[in-house]
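Structural features, examined
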Amino acid sequence: MSLQTAIGLLMACATFSQTAVAQQLPTEDGPPDFNRQVRPILAKHCYACHGMDDKTREADLRLDTLDGSRQAIEPGDPEASEVWLRVISDDEDLRMPPADAHPALDQNSRDILKRWIESGAEYELHWALRPTRTVSVPLVNDKTWPRGPIDCFVLSRLEAAGLSPASPAAPTALLRRVYMDLIGVPPTPEQADRFAADPSDTHYQQIVDHLLASPQYGERFARPWLDLARYSDTNGYEKDRPRTIWPYRNWVIDAINQDMPFDQFSIEQLAGDMLPDATEQQRIATGFHRNTMLNEEGGIDPLEYRFYAMVDRVATTGTVWMGLTTGCAQCHTHKFDPITHHDYYALMALMDSADEPEMNADSPQVISQREQIQEQIANLEEQTIEQLDLLNAKTDKPSASAYATWKHQQLSQTIAWATVPPQSMKSTMPRLETLADGSVLASGDATKRDVYTLTMPPLATDDPITAIRIEALAHPSLPSNGPGLAFYEGRRGDFFLSEIRITTEQGSVELDIGSTSVPNAKKGNGKTFPGNVLDENGSTGWSIPGGSGQSHRLVLPLKQATRLDQPWTIELLFERHYVAGLGHFRIDVTGDKNPAASALPSDLQFELAQSPQPLPADLDQQLATQYLRLSPAMAEQRKPIDQLRRRLPGETRTLVMKQRPADFHRETMLRHRGEYLQAREVVPPRIPTIFQRPHSKQPSDRLELAQWLVSDGNPLVGRVTANRSWRLFFGSGIVQTAGDFGTQSLPPTHPDLMDYLDARLRDRSPRGDAWSLKRLHREIVLSATYRQAVGSPPDRDPDNQLLSVFPYHRYDAERIRDSMLRSAGLLSQQVGGPSVYPPQPKAVVALAWGNAPWPVANGANRYRRSLYTFSKRTAPFAAAVTFDAPSGEQCLARRDSSTTPLQALTLLNDAMFVEIAGKLAEDTLRECRHQTPNPSPEQIASTLFRRVLIRQPSDDELKAFVDFFQQQSQHPNPWMLVARVLLNTDEAITTP
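Residues numbered from 1 in each chain as written. Predicted model: local features only at pLDDT ≥ 70, side-chain atom pairs only at ≥ 80, totals over all residues. Heavy atoms only, no water.

The chain has the name Planctomycete cytochrome C in an unreviewed UniProt entry, where Stieleria bergensis is given as its organism.

The next point concerns the packing of helix H10 (residues 201-212) against helix H25 (residues 773-782). Look at H10 against H25: their axes get within 11 Å of each other, and the N-to-C directions meet at 150°. Looking at the two axes, H10 sits roughly antiparallel to H25. Our pair here, H10 against H25, has a crossing hand that is right-handed. Between H10 and H25, the residues in contact are Tyr 204, Gln 205, Val 208, Asp 209 and Leu 212 and Lys 774, Arg 778, Val 781 and Leu 782, respectively. Classifying every residue of the contact of H10 with H25 gives five nonpolar, one polar and three charged. (Axes fitted to C-alpha atoms, helices over the stretch in contact; angles between N-to-C directions. Helix = DSSP H or I, 4+ residues; strand = E, 2+ residues; numbered from the N terminus. Parallel < 35°, antiparallel > 145°, perpendicular 65-115°, else oblique. Left-handed = near helix turned anticlockwise from the far one by under 90°. Contact = heavy atoms within 4.5 Å. Nonpolar A, V, L, I, M, F, W, Y, C, P; charged D, E, K, R; others polar.)

Among the secondary structure elements, Glu 296 is positioned in the loop between helix H14 (280-285) and helix H15 (302-321). Residue class for Glu 296 comes out buried when judged on its relative accessible area of 6%. In this structure the side chain of Glu 296 is engaged in a polar contact, spanning 3.1 Å, whose partner is the side chain of Asn 235. Not counting the four nearest positions on each side in its chain, Glu 296 is found in contact with Asn 235, Lys 239, Arg 241, Tyr 488 and Glu 489. (Buried < 20%, exposed > 50% of the residue type's maximum accessible area, 1.4 Å probe, protein only. Polar contact = N/O pair within 3.5 Å; in protein donor to acceptor, adjacent residues only side chain to side chain.)

Before going further, it helps to spend a moment on the domain arrangement of the chain. Note on interface size: it is often stated as the accessible area lost on association of the parts. Taken domain by domain, the chain consists of domain 1 (34-119), domain 2 (261-361 + 652-713), domain 3 (363-414 + 614-650), domain 4 (416-597) and domain 5 (911-991). A separation of 69 Å is found between the C-alpha centroids of domain 4 and domain 5. (Domains from an automatic or database assignment.)

Let us look at unusual backbone geometry. Looking along the chain, the bond that leaves Met 96 and enters Pro 97 is cis, with omega of -5°. Relative to the assigned elements, Pro 97 resides in the loop between helix H5 (82-88) and helix H6 (107-118). A positive phi angle, close to 50°, is found at Asp 240, a residue other than glycine. Counting through the fold element by element, Asp 240 comes out in the loop between helix H11 (215-228) and helix H12 (246-257). At Asn 520, a residue that is not glycine, the phi angle is positive and equals roughly 55°. Position of Asn 520 relative to the elements: it lies in the loop between strand E11 (515-516) and strand E12 (552-562). Look at Asn 520 and you get exposed, because its relative accessible area is 59%.

The structure is reproduced here in structure tokens:
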């Protein structure tokens, strides 16, 4: 051990108590450990009928609490304890657990229960619910092996079991391991050779620090977080249409690379929008809980599926920050853990009062590019107007004459409209808010049949009103910028105004069929014809098909000009098989005798109506620009402008959360048996009762919940987070039931190590991690435990729970593909951006609804990291699923790690891997020929071997690959076949 390592170990141990002793395990003769030995028996066999749930509790007996158990357990006297007598009974009608559902307890479990009762039947708080504690680093016999506290905890358990740690891994194996674990791709053979020449601690630490600072570190650790976030690029359910959520993925990568403290990382994702002066990035971070699925079937109740999204959010929050199966309390009180039915909905209430809008997420580069093109368009329009001499009234050019005629027509049709802000408003569901310009903005929930009732103020005008105008206006908070609320099934941002009715105190005001700025709104068109809103047929109406993000107008003349000098009411009915309300609109009136809708922007119409004649130069320029954009006569002149406009980058709009105003709080209802249609009482927001502390302020909203989840008030978060990191390096967590730290979980293999990591992660002192996951990862990979060689575990520990060897495990799907791309020299280094489409069999997406396209990428996008592969929930990327990658349909705390023949077939025959093998062979030949004009088969085989497996091949291995090459000499590309074999070896896809 180096002097630097020894000093580091002494300093680390000095951080903790020096009075530590080796961990003592319960003996067969002494009292059993309640949490490790007794509780698992009670939880497995008793709690379902005698636990938390009072609705299904039998005989009014609780065995999950000390007080409840005393009616059936007599401390110190098993023979006087009904529980014991029932457990050992030979009468199947009396025996517990019931004979019709469970086998009798085995002898070992009986012995543990008997010794527990004899020792006093004491209960302990479940280990995971204990407050964070500072533990002592144990003293060990072998003082030379540990490199830090982690090793002391591991070695203490090994020595107690009479075991010893394995020898260190070979330098090349260790380097490949740490590269794959920290950045997800292997080193080059040259990097491995440099480390093999100097495998010192100092050199290794330098390499680790370099990897931790790499942008690829964020990409590597973003993937397991996205498993938790149930990330996908599509909405799920039947139609599974695309969504834009990749800006959230970018945020995750950046936050991890910046080593954002985990408490801040959590708060921004759960409630970034509620932080003071929330930044754009903090709002994008709230995409975490927008990753829920969205059902786009036309016949659904959108509020029901919003409830299901909230169910998913409660379950995900419980898994990620508490390690508890909170979702089990949706329908009834949890059978095993202290989470009641009310607790579940109270937790939901903390997150329930948020709306789910979109927001612009364009990068500064895209914004700059758009502004430059828009400036070019404006300049080209100005040049075209000048070249055509449109503004020269004295010229005899046909173009100028045509403009003059068009201008005269527009001016003669110019109408003075006045905006009328509503006096009051109500709706069946959305919140209606009057903005400063008199327009109305809708937000919140919506249904398939919404009615807006607007009470308008008396109009003190000299002339009677001849028409009203409804302006459908774009707004950045709406789907696709609006103007409608449609977010599924129909076109995003559309609306469907089915009927309109105006009334006064005297009765209905009759309206006439008017006009609209929407093109081709002819009679018979059930979606755009203005008369549809007056036909008392809910299936026809006015909308703007394909016009999302634009503003349009509907003008409805009054059959008889009317003075609206008393309060009057407008009722708007929006009815469709999907949400179709107006999201942003304005009500205008006029007394003009010939009211009609105009294609000109409303602000320009207003200026024209107010302007003297002849028009001022700037107004004439604006009108000429509209002529250039709208007139069919200008179609040819518009072509170069349209070409520029087509170069405008599309807007990136991502999904975020937005807290509702205090006066628009959403009430959360307890749903009997978890059924949406069985709403019972209103449940106020609060954290589960088990976590409440006397005289302490309890969370009351989403932000306070987020802050509590990463506070000392939540004893689970540090343990859950540290355990998740441990599993990423060792293949299995200290607690192996990664998503469940409740009473049904397996106990930690190293309890004190678990608590050490928890305390260190939370510790904000200079010697603590201060919620830095990079520091935690660094401590893990620098440990002697991590640096052990892979091997077979001893018979006394066949599952290697004590870590006497480094655990053998397969890499995840993404690292398998990415490492092979790296070996072939293909892997793109671009970080962030939209998802891409690498090659896969066409039949995969053909099976999904709608025969969705899979536009296979070319160039660098074809070889992006697997993190960026487009994720379609109903048809996940085939090669990834083969290696147990998730679909994104639910939060996944731990992936399965299967071994199947299909995996070998995929690596050998999938077109993507065949292509990689071909490129690998081609690049290897190029490399070898650069070094030697006529390289030998041995040189090529050795180079190929090392590019994949990094280490040097043995003589036998080299001979085997050369022999295989020679056997394939008739093949047009025999080295490609050798590469395919190498990529299909076990060593290529497992930890070295």
